[in-house]
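Structural characterization, general
Residue strings, one per chain:
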Amino acid sequence: MAALSTAALGMVAAMALPAVADDQPTREQLVGDCASGEGKCTFNDPKLDKAYLGDFHQVSNSLFNCTTSDASQSMGWSDTVGSTDSAGVSVTAGGKIAGLIDLSVTATYSHTWTSSHAENSSLNMTVKPGEVGWISRAQVMQKVSGTWQTHYDSPKWGHYFWFVPDTVTGPAPNGTDGANNAVIVKTRKMTTAEKNSCSSEGKSGKAFVVRR
C-alpha cells in the first residue's frame with residue numbers, strides 16, 4: 001500500500017510540477033518518446049472544441065494584369081492543411097502521434113480524426129488593369145485537447161508514468177458545427193515596382209502568371 005501511494009503521488013507530481021529540474025522531462029521529450037515508441041502512450045480524455053473557419057491563405061499562382069482591360073483566366077489551385085500541437089510542432093499525417101489521437105477521438109466520439117487535408121480544383125478569376133489576383137482558401141479547423149499518458153517499462157526520470165496536457169489544432173470535415181470551407185479570388189493593386197516592371201521587362205499590354 002505504501003509503495004502504491006508513493007507511485008500515485010509521483011504521477012500527480014508529474015502532472016503538477018513544471019519541468020524545470022534536471023530530473024523532470026520537458027513536454028517535448030515526453031511527446032517525443034510517444035512518437036518514437038520508447039514510451040507506451042495513450043491520449044486520454046479528448047475534448048473537441050467547436051469547429052471554426054481558419055485563416056485565408058494563398059493557394060494558387062498570381063495573375064498580373066499589365067493590360068488596359070480586364071484579364072480573365074481559369075487558375076488551378078491546391079491546398080494541404082496539416083495539424084500542429086500546443087508548441088506549434090507539426091503533427092505528421094500517418095505518424096504515431098496522429099494515430100494515437102485518432103484512436104482516442106474515434107473511441108470517444110465515434111468518428112475519425114485526421115491530421116491533414118488536401119484538396120485541389122480550379123476557379124475562373126478576373127483581374128482589373130494594374131492589379132494582381134490570386135486564389136485564397138480557408139479550411140474548417142478544430143482543436144482537440146487531452147492528456148498524454150506515457151508508460152515506461154523501467155523508470156525514466158524517476159517514474160514509470162508521466163502525464164502531459166496537449167492541444168492539437170487540425171483540419172475538420174467541411175460542414176462541421178456549421179462551418180464551411182471557403183475559396184475566394186483576391187486582388188490588390190500593383191506596387192510601384194510591379195507597375196514599372198510591366199514596361200521595363202517587356203510585359204506591357206500582357207497578363208502573365210507568377211508562380212507562388
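Predicted model, so just to flag it, every value in this text is computed and none were measured. (Residues numbered from 1 in each chain as written. Predicted model: local features only at pLDDT ≥ 70, side-chain atom pairs only at ≥ 80, totals over all residues. Heavy atoms only, no water.)

A look at the state of the cysteines
- Tallied over the full model, the rule gives two disulfides.
- Each sulfur in the disulfide pair Cys34 and Cys41 lies 2.1 Å from the other. Between Cys34 and Cys41, the S-S torsion sits near -85°, and that sign places the bridge as left-handed. For the pair shown, Cys34 and Cys41 are each scored as buried.
- A disulfide bridge connects Cys66 with Cys198, and the sulfur atoms are separated by 1.9 Å. One quick way to see it: the torsion about the S-S bond of Cys66 and Cys198 is about -65°, and its sign makes the bridge left-handed. You can see Cys66 sitting in the loop between β4 (62-65) and β5 (71-81) and its partner Cys198 sitting in helix α4 (residues 192-200), a full 132 residues away along the chain.
- Judged by relative accessible area, which is 12%, Cys66 ranks as buried.
- With a relative accessible area of 8%, Cys198 lands in the buried category.
- Indicated for the protein chain is the disulfide connectivity 1-2, 3-4, based on numbering the bonded cysteines in sequence order. (Disulfide = S-S within 2.5 Å. Buried < 20%, exposed > 50% of the residue type's maximum accessible area, 1.4 Å probe, protein only. Helix = DSSP H or I, 4+ residues; strand = E, 2+ residues; numbered from the N terminus.)

So, the layout of surface pockets
- Roughly 260 Å³ of internal volume is contained in the largest pocket.
- Residue lining of the largest pocket: 16 residues in total, with Thr112, Thr114, Pro171, Ala172 and Pro173 positioned closest to the centre.
- Classifying every residue of the lining of the largest pocket by side-chain character gives five nonpolar, 11 polar and no charged.
- As for the second largest pocket, its lining consists of 16 residues, and the residues nearest its centre are Val31, Asp85, Val89, Ser90 and Ile97.
- Looking at the lining of the second largest pocket, the elements with two or more residues in it are α2 (27-36), β7 (90-91) and α3 (96-109).
- Here the lining of the second largest pocket gets five residues from one element, more than from any other, and that element is α2. (1 Å grid on protein atoms, 1.4 Å probe; cavity = no way out; pocket = protein on both sides within 12 Å on 5 of 7 lines; lining within 4 Å. Points joined across faces, edges and corners; volume = space filled by probe spheres on them. Nonpolar A, V, L, I, M, F, W, Y, C, P; charged D, E, K, R; others polar.)

Some words on the pattern of salt bridges
- What the rule picks out here adds up to nine salt bridges.
- Residue Asp166 pairs with Arg27 through a salt bridge whose shortest N-O separation is 2.9 Å. Residue Asp166 is found in strand β11 (residues 159-171), and its partner Arg27 is found in helix α2; the two are separated by 139 residues along the sequence. Here the two residues Asp166 and Arg27 agree in accessibility, since each one is buried.
- Notably, a salt bridge pairs Glu38 with Lys156, separated by 2.7 Å at the nearest N-O pair. With Glu38 in the loop between α2 and β1 (40-48) and Lys156 in strand β10 (residues 140-156), this pair connects stretches of sequence that are 118 residues apart.
- Each of Arg27, Asp85 and Asp166 takes part in one network of salt bridges that share partners. (Salt bridge = Lys/Arg side-chain N within 4 Å of Asp/Glu carboxyl O.)

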